[in-house]
Amino acid sequence: IGNNGIGVAGVNWDVDIMPILGASIIESVVVESYLYILNERRIYNQSGGKKGSFVAVLNSSFGVDKGRPEEFPIWCELYNELGQEGILCPVAVANSGIDVAVEGDIPTLCPSEFLISVSSSNQFDERNSAAFKSDFVDLVAPGSSILTTSGNDSYRRISGTSFATPFVSGLASLLVAGACPSWMGMYKNQP
(Lines give C-alpha, C1' and ligand atoms only; values in the text may rest on other atoms or scores of the structure.)
Protein backbone atom coordinates (compact mmCIF):
# COMPACT_ATOMS: atom_id res chain seq x y z
CA ILE A 1 0.00 0.00 0.00
CA GLY A 2 1.46 3.34 -1.02
CA ASN A 3 1.42 6.70 0.75
CA ASN A 4 0.67 5.29 4.21
CA GLY A 5 3.98 6.16 5.91
CA ILE A 6 4.79 2.50 6.57
CA GLY A 7 7.67 0.55 5.01
CA VAL A 8 8.17 0.80 1.26
CA ALA A 9 6.01 0.95 -1.86
CA GLY A 10 6.71 0.09 -5.46
CA VAL A 11 6.68 2.47 -8.41
CA ASN A 12 3.04 1.56 -9.16
CA TRP A 13 0.93 1.66 -5.99
CA ASP A 14 -2.17 0.08 -7.48
CA VAL A 15 -1.17 -3.13 -9.20
CA ASP A 16 -1.88 -6.82 -8.82
CA ILE A 17 1.12 -9.13 -8.73
CA MET A 18 1.01 -12.71 -9.97
CA PRO A 19 4.01 -14.48 -8.42
CA ILE A 20 5.22 -17.37 -10.56
CA LEU A 21 7.85 -19.81 -9.33
CA GLY A 22 10.12 -20.53 -12.24
CA ALA A 23 13.38 -18.66 -11.78
CA SER A 24 15.84 -21.22 -13.03
CA ILE A 25 18.73 -21.91 -15.33
CA ILE A 26 16.83 -24.93 -16.67
CA GLU A 27 15.03 -23.92 -19.85
CA SER A 28 12.07 -26.26 -19.36
CA VAL A 29 11.27 -24.73 -15.95
CA VAL A 30 11.40 -21.18 -17.34
CA VAL A 31 9.30 -22.16 -20.36
CA GLU A 32 6.61 -23.78 -18.20
CA SER A 33 6.38 -20.66 -16.04
CA TYR A 34 6.30 -18.27 -19.00
CA LEU A 35 3.71 -20.41 -20.80
CA TYR A 36 1.39 -20.11 -17.82
CA ILE A 37 1.57 -16.30 -18.06
CA LEU A 38 1.27 -16.36 -21.86
CA ASN A 39 -1.80 -18.58 -21.73
CA GLU A 40 -3.48 -16.39 -19.09
CA ARG A 41 -3.04 -13.32 -21.33
CA ARG A 42 -4.14 -15.22 -24.45
CA ILE A 43 -7.33 -16.33 -22.69
CA TYR A 44 -7.92 -12.73 -21.61
CA ASN A 45 -7.38 -11.43 -25.16
CA GLN A 46 -9.55 -14.10 -26.79
CA SER A 47 -12.41 -13.71 -24.30
CA GLY A 48 -12.50 -9.93 -24.50
CA GLY A 49 -11.40 -9.70 -20.89
CA LYS A 50 -14.02 -12.07 -19.48
CA LYS A 51 -11.54 -14.82 -18.60
CA GLY A 52 -7.82 -15.15 -18.04
CA SER A 53 -5.57 -12.40 -16.70
CA PHE A 54 -4.60 -8.99 -18.05
CA VAL A 55 -0.84 -9.39 -17.66
CA ALA A 56 0.91 -6.32 -19.06
CA VAL A 57 4.43 -6.77 -17.69
CA LEU A 58 6.55 -9.83 -16.89
CA ASN A 59 9.48 -9.08 -14.54
CA SER A 60 12.33 -11.59 -14.72
CA SER A 61 15.10 -11.15 -12.18
CA PHE A 62 17.08 -14.28 -13.01
CA GLY A 63 19.06 -15.76 -15.85
CA VAL A 64 22.09 -17.68 -16.98
CA ASP A 65 25.41 -15.87 -16.69
CA LYS A 66 27.51 -16.42 -19.81
CA GLY A 67 24.58 -18.11 -21.61
CA ARG A 68 23.97 -17.74 -25.36
CA PRO A 69 20.63 -17.61 -27.23
CA GLU A 70 21.47 -20.72 -29.26
CA GLU A 71 21.65 -22.68 -25.99
CA PHE A 72 18.16 -21.51 -24.94
CA PRO A 73 16.15 -21.10 -28.17
CA ILE A 74 12.68 -21.79 -26.75
CA TRP A 75 13.23 -19.49 -23.78
CA CYS A 76 14.37 -16.68 -26.08
CA GLU A 77 11.50 -17.13 -28.56
CA LEU A 78 8.94 -16.88 -25.77
CA TYR A 79 9.71 -13.15 -25.37
CA ASN A 80 8.38 -12.59 -28.89
CA GLU A 81 5.24 -14.62 -28.19
CA LEU A 82 4.65 -12.81 -24.89
CA GLY A 83 5.11 -9.46 -26.60
CA GLN A 84 2.74 -10.30 -29.44
CA GLU A 85 0.03 -10.90 -26.83
CA GLY A 86 0.81 -7.53 -25.18
CA ILE A 87 3.30 -8.42 -22.44
CA LEU A 88 6.46 -6.33 -22.04
CA CYS A 89 9.41 -8.19 -20.48
CA PRO A 90 11.98 -6.31 -18.35
CA VAL A 91 14.85 -8.67 -17.44
CA ALA A 92 17.83 -8.38 -15.09
CA VAL A 93 21.33 -8.56 -16.55
CA ALA A 94 24.15 -10.44 -14.81
CA ASN A 95 25.42 -9.03 -11.50
CA SER A 96 29.01 -9.08 -12.68
CA GLY A 97 30.87 -6.46 -14.66
CA ILE A 98 31.03 -8.56 -17.81
CA ASP A 99 30.59 -7.40 -21.37
CA VAL A 100 27.60 -9.51 -22.35
CA ALA A 101 28.51 -9.36 -26.04
CA VAL A 102 31.76 -11.17 -25.25
CA GLU A 103 30.85 -13.29 -22.21
CA GLY A 104 27.16 -13.97 -22.91
CA ASP A 105 24.08 -13.62 -20.70
CA ILE A 106 20.57 -15.04 -20.90
CA PRO A 107 18.03 -13.53 -21.22
CA THR A 108 19.93 -10.29 -21.98
CA LEU A 109 21.05 -11.55 -25.41
CA CYS A 110 17.65 -12.95 -26.45
CA PRO A 111 16.71 -11.11 -29.66
CA SER A 112 13.27 -9.63 -28.98
CA GLU A 113 11.90 -6.11 -29.27
CA PHE A 114 9.63 -6.92 -26.31
CA LEU A 115 12.57 -7.53 -23.94
CA ILE A 116 14.09 -4.68 -21.91
CA SER A 117 17.42 -5.63 -20.34
CA VAL A 118 18.16 -3.72 -17.12
CA SER A 119 21.47 -3.06 -15.41
CA SER A 120 21.78 -1.34 -12.03
CA SER A 121 23.19 1.95 -10.75
CA ASN A 122 24.24 3.31 -7.37
CA GLN A 123 23.14 6.44 -5.50
CA PHE A 124 25.48 8.52 -7.71
CA ASP A 125 23.79 7.25 -10.89
CA GLU A 126 26.89 5.23 -11.78
CA ARG A 127 26.64 1.67 -13.07
CA ASN A 128 27.24 -0.89 -10.34
CA SER A 129 29.38 -3.94 -10.98
CA ALA A 130 26.69 -5.25 -13.32
CA ALA A 131 26.86 -6.43 -16.91
CA PHE A 132 27.08 -3.92 -19.72
CA LYS A 133 27.14 -3.47 -23.49
CA SER A 134 25.11 -0.72 -25.09
CA ASP A 135 23.90 -2.93 -27.95
CA PHE A 136 22.25 -5.34 -25.50
CA VAL A 137 21.69 -3.56 -22.17
CA ASP A 138 18.78 -1.19 -22.71
CA LEU A 139 18.87 0.90 -19.55
CA VAL A 140 20.09 1.29 -16.01
CA ALA A 141 17.84 1.68 -12.95
CA PRO A 142 18.55 2.15 -9.22
CA GLY A 143 19.85 -1.11 -7.78
CA SER A 144 22.14 -0.23 -4.91
CA SER A 145 21.07 -0.49 -1.26
CA ILE A 146 17.38 -0.74 -2.14
CA LEU A 147 15.04 -0.90 0.86
CA THR A 148 12.71 -3.86 0.42
CA THR A 149 10.52 -6.22 2.39
CA SER A 150 12.07 -9.20 4.11
CA GLY A 151 10.90 -12.13 6.22
CA ASN A 152 9.28 -11.78 9.65
CA ASP A 153 7.53 -8.49 8.79
CA SER A 154 10.83 -6.66 8.45
CA TYR A 155 12.79 -4.70 5.87
CA ARG A 156 16.36 -4.81 4.60
CA ARG A 157 18.64 -3.11 2.09
CA ILE A 158 19.94 -5.17 -0.78
CA SER A 159 21.66 -4.53 -4.12
CA GLY A 160 21.71 -5.98 -7.61
CA THR A 161 19.97 -6.03 -10.96
CA SER A 162 17.14 -8.08 -9.45
CA PHE A 163 16.25 -4.95 -7.48
CA ALA A 164 16.72 -2.55 -10.41
CA THR A 165 14.51 -4.48 -12.84
CA PRO A 166 11.32 -4.16 -10.74
CA PHE A 167 11.63 -0.36 -11.01
CA VAL A 168 11.34 -0.72 -14.78
CA SER A 169 8.51 -3.24 -14.49
CA GLY A 170 6.67 -0.96 -12.07
CA LEU A 171 7.06 2.01 -14.40
CA ALA A 172 5.81 0.00 -17.39
CA SER A 173 2.76 -1.14 -15.41
CA LEU A 174 2.15 2.43 -14.25
CA LEU A 175 2.15 3.64 -17.86
CA VAL A 176 -0.44 1.02 -18.76
CA ALA A 177 -2.53 1.79 -15.66
CA GLY A 178 -2.54 5.51 -16.44
CA ALA A 179 -3.23 5.22 -20.15
CA CYS A 180 -6.21 7.01 -21.64
CA PRO A 181 -9.13 4.88 -22.89
CA SER A 182 -8.31 5.35 -26.60
CA TRP A 183 -4.70 4.18 -26.09
CA MET A 184 -5.88 1.20 -24.03
CA GLY A 185 -8.30 0.28 -26.81
CA MET A 186 -5.46 0.29 -29.35
CA TYR A 187 -3.19 -1.66 -26.99
CA LYS A 188 -5.80 -4.34 -26.30
CA ASN A 189 -6.79 -4.68 -29.98
CA GLN A 190 -3.24 -4.68 -31.34
CA PRO A 191 -0.69 -5.37 -28.58
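Residues numbered from 1 in each chain as written. Predicted model: local features only at pLDDT ≥ 70, side-chain atom pairs only at ≥ 80, totals over all residues. Heavy atoms only, no water.

## Regarding the pattern of salt bridges
Which entries qualify depends on this criterion: The term salt bridge refers to a side-chain nitrogen of Lys or Arg lying within 4 Å of a carboxyl oxygen of Asp or Glu. Strands are runs of DSSP state E lasting at least 2 residues, helices are runs of H or I lasting at least 4, and numbering of each runs from the N terminus. Burial classes follow relative accessibility: with a 1.4 Å probe on protein chains only, a residue under 20% of its type's maximum area counts as buried, one over 50% as exposed, and anything between as partly exposed.
Throughout the structure, instances matching the rule amount to three salt bridges. The salt bridge involving Arg 42 is made with Glu 81; its shortest N-O contact spans 3.4 Å. One end of the pair, Arg 42, is in helix H1 (residues 27–46); the other, Glu 81, is in helix H2 (residues 73–84), with 39 residues separating them in the sequence. Here Glu 103 makes a salt bridge to Lys 66, at a shortest N to O gap of 3.6 Å. With Glu 103 in helix H3 (residues 100–103) and Lys 66 in the loop between strand S1 (64–65) and H2, the pair connects residues that are 37 residues apart, well separated along the chain. On the basis of relative accessibility, which here comes to 33%, the residue Glu 103 falls in the partly exposed class. One salt-bridge network, in which partners are shared between bridges, spans Arg 42, Glu 81 and Glu 85.

## Topic: the packing of H1 against H2
Spelled out, the test is: Axis lines are fitted through C-alpha atoms, for helices just across the contact stretch, and the angle between N-to-C directions can take any value from 0 to 180 degrees. These descriptions rest on fixed angle ranges, namely under 35 degrees for roughly parallel, over 145 for roughly antiparallel, 65 to 115 for roughly perpendicular, and the rest for oblique. Each crossing gets its hand from how the near helix is turned against the far one by less than a right angle, where anticlockwise is left-handed and clockwise is right-handed. Throughout, a residue-residue contact means that at least one pair of heavy atoms, one from each residue, lies within 4.5 Å. Just so you know the grouping, Ala, Val, Leu, Ile, Met, Phe, Trp, Tyr, Cys and Pro go in nonpolar, Asp, Glu, Lys and Arg go in charged, and all remaining residues, Gly too, go in polar.
Direction vectors running N to C along H1 and H2 enclose 15 degrees, while the axes themselves pass 10 Å from each other. By the angle between their axes, H1 is roughly parallel relative to H2. Seen from above, H1 lies across H2 with left-handed handedness. Each of Glu 27, Val 30, Val 31, Tyr 34, Leu 35, Ile 37, Leu 38 and Arg 42 in H1 lies in contact with H2, whose residues at this interface are Pro 73, Ile 74, Trp 75, Leu 78, Tyr 79, Glu 81 and Leu 82. Its residues placed into classes, the contact of H1 with H2 shows twelve nonpolar, no polar and three charged.

## Regarding the environment of Ile 26
Mapped onto the elements of the fold, Ile 26 is located in the segment before H1. Remark: the alpha-carbon pair of Ile 26 and Val 64, spanning 38 residues in sequence, is separated by 9.0 Å.

## Structural notes on the state of the cysteines
To keep things clear, this is the line we draw: For the purposes of this analysis, a disulfide is any pair of cysteine sulfur atoms at a distance within 2.5 Å.
This structure, assessed with the given rule, holds one disulfide. Covalent S-S linkage joins Cys 76 and Cys 110, the inter-sulfur distance amounting to 2.1 Å. Measuring the twist about the S-S bond at about -60 degrees, one finds the Cys 76-Cys 110 disulfide to be left-handed. Taken together, the positions of Cys 76 in helix H2 and Cys 110 in the loop between strand S3 (105–106) and strand S4 (115–121) put the pair 34 residues apart, joining distant regions of the chain.

## Digging into a nonpolar patch on the surface
The line we're drawing: The residues that make up patches have over 30% relative accessible area and no salt bridge, and they are joined within 9 Å when like-charged or within 5 Å when they are Val, Leu, Ile, Met, Phe, Trp or Tyr. Computed by Shrake-Rupley with a 1.4 Å probe, the accessible areas treat only the displayed protein chains as cover when residues are assessed.
A surface patch of nonpolar side chains, about 340 Å² in accessible area, is lined by Ile 6, Val 8, Leu 147 and Tyr 155. The residue Ile 6 is located in the segment before H1 in this model.

## Regarding the environment of Thr 108
Among the structural elements, Thr 108 can be located in the loop between S3 and S4. In sequence terms Thr 108 and Leu 171 are 63 residues apart; their C-alpha atoms lie 19 Å from each other. Once you skip the residues sitting within four places of it in the chain, Thr 108 turns out to touch Ala 92, Val 93, Val 100, Leu 115, Ser 117, Phe 136 and Val 137.

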